[in-house]
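So the chains spell out like this:
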Amino acid sequence: MKFLVVFFILNILFIKSFGVNFFQLIPDFYAENGYCYPKFALIGSFSSPPSVIIITGLSADYFRTSLKQTIGTSSHYEINTNCTVGQYNIVSLNDGVNTYPLDTTITYDCLEPPIQPNFDIYQDLITTTPPSSTISFILKIYNVSKQLSLKATNSPYPYIYSFSNGFLTNNSTYMARFIIQFSPSNRPQLIPEKLLFNISYGSTSNIELYLFRPLIDYDDNVCYQRNNYRIGNSYTSSHIWDTSLITSCNTVNKSISELFLYSKTIDGINLFNQWFKMVGGNETSAQFLLSSSFLDLNRPKIGFQVSSLVYDNDSTIETSSINFDVIPYIIQPIQVTTNNSLIKMGFNIENSRSILFSTGMGSASNILLSNLVQFKYPYGVGLGTMSNFTYQTSVLITQIMYSLFFVVNTNIAQDLNPSNLYYNSSQINTDIPFIKSMEIYYPRGGDGKRAILQVRIISNGAGLSWMKYCGNIITARDLVNGTIYDGYFEKIIIVTFEKPPILIMRTDGEFKFYYTYYSLDPLKEIPYINAFNNSINGVQSLSVKRFQFEAQNVNVDYGFLQTLYFDYNGSTLDIPISFYLLDPIYGESSIDPMDVDVGQYLKDKDEDAFKIQFVIPSRKCTGNIPYIIKVDGITYTMDYFYSLFGNAANLNVISTDCDEMPPIIKNITYIPNIQPTNGNEYTCTGIELTVGWTVTIEDRINGLKSAYFRVIGDKDPVPLEFNFTPRDSVSGDQYLGQYNIIFNVRPTILGQSYTFENIILIDNSGHKSQLIDDNYNYNAPHETSKSLLSPIYNIDSTTMNFLTFIVNTPDFTPETEAPTLSIFNPSTLNMNTFSETRDISFEIQTKDNTALLHDSHKPTVFLEYYINDLVDSKLTSVECKTELLGTELVSSSVVLANYTAMCSLPYGFGGGNGFIASIFGIVDTSFNFNGYTSLDLSVIPGFNSIILPISQNKSPYIEGFTSVSTSGGLITLSGNNFGGQPKIFITDNSSLSVQNNIVYSSNVVLITKVVPFNSEKLFVNVQDQTTLSQSNFVEITVLPDSSSSSSSFSSSSSSSSGHTVTPTSTSSPSQSPTSTSTPTSTPNPTSTSTPTSTPTTEPNIVCLNNCGGSNRGKCIENVGCHCFSPFGGFDCSSEIIKVPQPKTNMTSPDVTNEIPIDGSSIKLNIIISIVAIREINFDNTYENIHYFDIWSFKNQSTTKFSYSSQIKKGGISVSNITVIAEWFEKETEISFAGENFTINPSSLKYTVSIDHYPFSTSLNTLELIFKSFIETSKTNDICSSDQFGLNDNSNYLELQVGEYSFLSKYLKRANIDNIVRTISNRVLTDFNENEKLNSTTSSKKLSFVGIQIPFYKVNIELDPDFSVLLNSNAATSNSDNSICSSSSSSLSKAQIAGIVIGSVVFFIVFILIILILLPSNSKLSLRIFLFKIKRRVGRKL
């Protein structure tokens, strides 16, 4: 009986395990020709996979069933069918065997489309300049309940067009996007005035609309005096080739922007990397560039020809073509060597200077080509020379490894078929990995960039290798409990707001994608943060409630600071959006979705909207600049906002003489110190020889900003690098200058030929020309694969010969025997990489039998481990730093070199399976190379190359923390393995405990609330109460009393831990992270058809006193007065004069100057000082402050001085600051952030460089604090005042004493990581208030100004300047913030306004350049000038 009961229960459970869990209609279309074609989503469990599922109640001709996803016993299907117009009641489904009733009846209506729909479209097309070959527009159709199947039924001259995509909004509006493409063959006999579009849908319905035609038909030719010539000549690099055409076109009363188009052809194949762009001039005299490029790995594998055609409205203007020949090379088959622990793969390659290649390893041959790593010297270079060497690598065999394939892929073809190197039959398993649970904890009130992912993954048989979620990789390093077969993983992730599928990879190479859901029974969606449409039936809809550019049709002759006010229904303060200005050529391809520190904006609390400020570089060509806005991972293009707002959404710019042409090389010759023989050969004997080139660089309007040259020899793979700015020119200026690229060669090293491997030229508006011939993938930080134009396109065939020269060293006797390794000794053979101490060193000795080791080449040790099918060198590889300890001459022919290599490993490196060491880059002076893989090292007696794991007990480890003030607050700790029951111990300087209470706990982040205390430092550690294991101690420097901790968390890098996460706290004690295991919802938008733009009240920018007249300056709308040299000031009424060089300060870069006033006893004192730098949190509290006190001084010349100091954080030096003070006797042209400036005579420029600063969070900012002070010796009948205003795209601070003004100018733009972006400046009212109070009277004025520096990665450049002026309107009691002496009231306003002082004035210009990776020419400048005002009203003193 009991058996029957059990059987009955199991039978019930078995029956219930099969059935329909989810059934839903996917948004469908109206009927077409009497038929609807609905799609249904079905999730359920069936006894066997059904081949077809019939929908009962739906009269259809067919049912097509496709499997979309299977998780466990449940599957997700899509059913496609058809039916005639009518209403249908769906009650059940049938798989051919069983019938599955639905819980509720579903009614489906197949409807005819509306006959006369209400539609709307803006009449003007959005076009580039000149019009692109592809244009899009959006048609809005109102009051519909389904999508419409739209079809183009005509082709308006000279276009063809088609329906691209569309979506139905929540308010019954259908947004349909059409793509229009230029087709020169489509030419009707009669040309209409407007473009007619006939769009059909349904059976008989039709939409007819007219749009403005972007082409104007002219009876005559559009252009005359065409200057067309081929670009590039015969030069072809092995990485990127270019063929280009410059067309100079002059027109008379004809609009260039509406005439030119282009086609794309390459032997009948579409060429994606081809463009036609206006790069200079204006609409009546324009310069155009037609260019074609291929990335080497994408081009055809055989010889081919490419042609580029330019069209006007009737005929072809010009054709340009180039032939490409395949590069020869020889590559030998793969050789495999194995032992019990290691597998070694190698192959021989010849003519390597003519080939790029990649290698890949994976668990299955079919996924190798997506798992390739490019060759990068010196890794893998074994025995040989760079023209013929053996490439080799090794892999450690682990217990979890199943199989291993190896492949070689070149830039021409996949030359070697995948080789199966290893197979472990015991690892075979058919279980599919699945996600048991998954949650995202998103800290509300944070920066919107980081969150905590918690996931449990079960992968029986073959364990988890890695998981990819929204670009974040989770591996065994992130395991906090369990095993890779059934474990809990936790990681701080970058939040991208994208919604890609999840990919899980097993250790045996089997993988699985998860789309939309990570569980089908029960149904669980993948947790994405604040996404609009996660579900199958999601509707893309963005209800924009605010959209307004601050200015329209702006003149960008001098650049422009633009502001977009944007908001949408459902926006929150801590969910950012992304805004990007797009390059009209590359579009979104240049955007890295994982780089959340660029392009993201949080909502502005004061505006209650997103205040998106950005700088439009100077001299952009007239037209519309494309842009995109990304909200919750969905990209909205400019044409989308155009469909809502019309021309108000166009970012229109006007330029009287545009310049988007990048810098070019006009000429190149050998340096004239010695002439080569045989045209290009030098002979080096006896002593070192100086060789090189003189290069002439031109940029006609914007001027050159920087130049980078990388020179490579045909035998030595390590290049010579050269960086230049216009200040480094030997003659000329930034518009046309000559630069010397010189270096020394030695007679004791084998001679070789030299040429350019990389040339990068950038102008002051960021336009770049670039040449890449990078065979060894050296990867300079400047390098990018995207380049509009080769910098050598203008060089003729004769000058091309100067690109290469040969150096012969006849006194040198080359050898063929390579150097060897005689000692390789790691400091330990066992490591726990989950512990606090993760440093390892290697003792190295190399030997050469001819005493000719190359002293500039150092052997490099690589530590690595293998995660199958994952390419992420940051996770799996460490390159150690090698130092030469000394050399030892054993005999006349044998030399030994001793080195030490230091390595700092990331937390969890090796994943608990150990790692291996290899060494490459052993070189002699004949350029014979040698290298050893881990297997090579393991077979040499006395050598060890495998580092095995020891006890993998994971103790708590603190990697990062935030600070707190003595008034208490929140401290956030980030790290690893804090455990399920952590306890935080905090003590002060006196070893007394500081009470704290944890408000948020996870394995990687702890947030605790600290009570008030009295101590300068806190000492913190964590104990896991379950295991009683202790973490490391960290010392926290306490902030000033007015400070508290920040309100967000994020990650930051650390040299000792690889990936160190440094979270910060929530914004208030009452707030805590919010779980989004179910995605956070967004309120449904209310409308997309009639959004409104809300104006914002901003201070009016006015031009005072007509900018001094037409000879002194000009008024630019929304910018202010732009003064002509030598005039300056708010209204260009001040004039510059020359003064002697100030006295040098040998203790600090501060400037103090006493200026006598001509014809009087009055003296004027001026002080400029760099006072401090402080880090500011998200909630405007202070994270850190450092006062500059001790400076090191160095005299570089009579006019140039260097100062250096250190920046401290938490009592530890974390950054360095260097100030170069240089005096300019003559007027000099400079540029910054796309604008040109003049450094006037008698000027002092400060060049300040600050290297990498470790921000606590990516939301924090720095504030560099300047002190400005002015004082006059006159104390009677005088007033002082100060005013902060906006003019000429800058913030101005004016300190005035009597008739004298100290004017500080702070630009609202900056170069941030080589991108021009906006910054803010502010007068500090909370800084050193006592000093300010004591230094402010009727005759003196002091103020502190902070330049706010946003989070940066590579560099930031700022440009404030300071001026001392004479002012015809003296300060009075009616002036802003005035202080007057007791007798000053006896003077009337007219009397004070009549005072005239003839004398010397002083003007200071300051440029700040902050660099993380400091090139030698990185700068922050302070320039001092003297001004004199023209007298307009006379008065005797």
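Provided above is the structure to which this section pertains.
Residues numbered from 1 in each chain as written. Predicted model: local features only at pLDDT ≥ 70, side-chain atom pairs only at ≥ 80, totals over all residues. Heavy atoms only, no water.

*Asks:* Could you give me a rundown of the nonpolar core, with the residues and numbers involved?
*Replies:* Grouped together as the largest cluster of nonpolar side chains are 71 residues, with contacts concentrated most on Met-467, Tyr-469, Phe-547, Phe-566 and Phe-641. Not counting residues within four places of it along the chain, the set of residues in contact with Tyr-469 comprises Met-438, Ile-440, Leu-453, Ile-474, Ile-493, Ile-502, Ile-526, Pro-527 and Tyr-528. Of all hydrophobic cores here, the second largest spans 43 residues; its members include Ile-1207, Ala-1221, Leu-1293 and Tyr-1306. (Core = buried A, V, L, I, M, F, W, Y, C linked by side-chain atoms within 4.5 Å. Buried < 20%, exposed > 50% of the residue type's maximum accessible area, 1.4 Å probe, protein only. Contact = heavy atoms within 4.5 Å.)

*Asks:* Could you give me a rundown of the sheet that holds strand S80 (residues 1034-1037), with the residues and numbers involved?
*Replies:* Taking strand neighbours across the sheet as the criterion, the three strands line up as S76-S79-S80 in an open arrangement whose pairing is antiparallel. Unpaired on one side and paired on the other, strand S76 (982-987) and S80 mark the two borders of the sheet. Across the sheet, the mean angle separating the axes of adjacent strands is 30° when strand polarity is ignored. In this sheet, strand S79 (residues 1017-1024) lies alongside S76 in antiparallel orientation, the contact comprising six bridges. Bridged to Pro-982 within S79 is Asp-1024. (Pairing = 2+ DSSP bridges. Helix = DSSP H or I, 4+ residues; strand = E, 2+ residues; numbered from the N terminus. Axes fitted to C-alpha atoms, helices over the stretch in contact; angles between N-to-C directions.)

*Asks:* Tell me about a nonpolar patch on the surface, residues and numbers included.
*Replies:* Nonpolar side chains collect at one region of the surface, where Phe-511, Phe-513 and Tyr-515 lie side by side and expose about 280 Å² of accessible area between them. Using a relative accessible area of 38% as the deciding quantity, one classes Phe-511 as partly exposed. (Patch = residues over 30% accessible without salt bridge, like charges linked within 9 Å, V, L, I, M, F, W, Y side chains within 5 Å. Areas by Shrake-Rupley, 256 points an atom, 1.4 Å probe, with all protein chains shown as cover. Salt bridge = Lys/Arg side-chain N within 4 Å of Asp/Glu carboxyl O.)

*Asks:* Describe the environment of Pro-117, with residues and values.
*Replies:* Relative to the elements of secondary structure, Pro-117 occurs in the loop between strand S9 (99-110) and strand S10 (118-120). Contacts of Pro-117, omitting those with residues within four sequence positions, involve Ile-141, Tyr-201 and Ile-207.

*Asks:* Give a description of the side chain of Glu-1263 that names residues and reports values.
*Replies:* One can find Glu-1263 in strand S97 (residues 1261-1272). Taking relative accessible area as the criterion, Glu-1263 reaches 0% and is therefore assigned buried. Polar side-chain contacts of Glu-1263 include one of 2.8 Å to the side chain of Arg-1174. What Glu-1263 contacts, discounting residues up to four positions off in sequence, is Ala-1172, Ile-1173, Arg-1174, Ile-1176, Arg-1322, Leu-1324, Gly-1346, Ile-1347 and Gln-1348. (Polar contact = N/O pair within 3.5 Å; in protein donor to acceptor, adjacent residues only side chain to side chain.)

*Asks:* A description of the sheet that holds S9 should follow, citing residues and the corresponding values.
*Replies:* Spatially, S4-S8-S9 is the arrangement adopted by the three strands of the open sheet, whose pairing is antiparallel. In this open sheet, the two strands that pair with only one neighbour each are strand S4 (54-56) and S9. Looking at each pair of strands side by side, their axes are set apart by 40° on average, direction ignored. As judged from the three bridges shared by S4 and strand S8 (residues 86-94), these two strands associate in the antiparallel manner. What sits directly across from Thr-56, in S8, is Ser-92.

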